Amino acid sequence: MREMSVMHGMTASIAPVLFKAACPDCRARFELSASALRLAIGASRRTTFYSFTCPECGSSVRKPAGERIVELLTGGGVRTLRLHSTV
C-alpha cells in the first residue's frame, strides 16, 4: 500500500488502484491491480490495446484501448509499452 505525507510527521494510506475487468471466455467479472494489466500503445486504434490473464480461467485477454482507457490505465500506474513502426 502506498503512503502519502499529509503534514509533518503524519501519513495517510492510499488504497491501491483497482480496475474492473471481465473475461470474454468464461464471462467472469473481477478487479485487477495495475500490475496485472499491460498496455500497448501503437500508431493506430488497431494497435492500441490492453491485456491481462483471467484469474478465473487463465485465458489471455486482449481488448482495444481508446483514448479514455489509455488515460485511465496510465494514470493508474499500468505498465505501458509503446509500439514503434519499423517502416
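Refer to the preceding data block for the structure.
Residues numbered from 1 in each chain as written. Predicted model: local features only at pLDDT ≥ 70, side-chain atom pairs only at ≥ 80, totals over all residues. Heavy atoms only, no water.

Colleague: When you look at the sheet that holds strand β8 (residues 79–82) in this model, what are you seeing that I'm missing?
Modeller: The strands making up a sheet associate through hydrogen bonds between their backbones, and the pairing can be parallel or antiparallel. Across the sheet, which stays open at both edges, the 4 strands sit in the order β7-β6-β5-β8 with mixed pairing between neighbours. At either end of the open sheet lies a strand with only one pairing partner, and these are β7 (60–64) and β8. With direction set aside, neighbouring strand axes in the sheet form an average angle of 25 degrees. Relative to strand β6 (residues 49–53), strand β5 (residues 38–41) runs antiparallel, the two sharing 3 bridges. (Pairing = 2+ DSSP bridges. Helix = DSSP H or I, 4+ residues; strand = E, 2+ residues; numbered from the N terminus. Axes fitted to C-alpha atoms, helices over the stretch in contact; angles between N-to-C directions.)

Colleague: Quick question: what am I supposed to make of the nonpolar core here?
Modeller: Soluble, globular proteins show a tendency: their nonpolar side chains are buried together. Membership of the largest hydrophobic core comes to 18 residues, with the highest contact counts inside it found for F30, L37, L39, Y50, F52, L73 and V78. Among the secondary structure elements, those contributing two or more residues to this core are β3 (18–22), β4 (29–33), β5, β6 and α1 (67–75). The contacts of L73, once residues within four sequence positions are left out, are F19, L37, L39, Y50 and V78. (Core = buried A, V, L, I, M, F, W, Y, C linked by side-chain atoms within 4.5 Å. Buried < 20%, exposed > 50% of the residue type's maximum accessible area, 1.4 Å probe, protein only. Contact = heavy atoms within 4.5 Å.)

Colleague: Honestly, unusual backbone geometry in this entry has me stumped. Any pointers?
Modeller: In the Ramachandran plot, R27 falls in the positive-phi region, its phi being about 65 degrees despite a non-glycine side chain. In this structure R27 comes out as exposed when scored by relative accessible area, which is 69%.

Colleague: What is the right way to read the packing of aromatic side chains from this model?
Modeller: Each aromatic ring pair is summarised here by two numbers: the centre-to-centre distance and the angle between the ring planes. Applying the stated criterion to the full structure yields 2 aromatic pairs. For the ring pair F30 and F52, a centre distance of 5.9 Å and an interplane angle of 75 degrees mean the geometry is edge-to-face. Here F30 is found in strand β4, whereas its partner F52 is found in strand β6, with 22 residues between them in sequence. Here F30 and F52 have matching classes, each one buried. Aromatic side chains Y50 and F52 sit 6.3 Å apart centroid to centroid with 20 degrees between the ring planes, which places their arrangement in the stacked category. There is no split in this pair, since Y50 and F52 are both buried. Each member of the aromatic cluster is reached from another via a ring pair, and the members are F30, Y50 and F52. (Phe/Tyr/Trp six-rings, centres within 6.5 Å; stacked < 30°, edge-to-face > 60°.)

Colleague: Quick question: what am I supposed to make of the side chain of T48 here?
Modeller: Residue position: T48 is located in the loop between β5 and β6. A polar contact is formed between the side chain of T48 and the backbone nitrogen of G42, at a distance of 3.1 Å. The contacts of T48, once residues within four sequence positions are left out, are A40, I41, G42, P64, A65 and V70. (Polar contact = N/O pair within 3.5 Å; in protein donor to acceptor, adjacent residues only side chain to side chain.)

Colleague: I would appreciate a short explanation of the environment of R79 in the present structure.
Modeller: Position of R79 relative to the elements: it lies in strand β8. A C-alpha to C-alpha distance of 7.2 Å links R79 and S35, two positions 44 residues apart in sequence. R79 has contacts with S35, L37, R38 and L39, leaving out every residue within four places of it along the chain.

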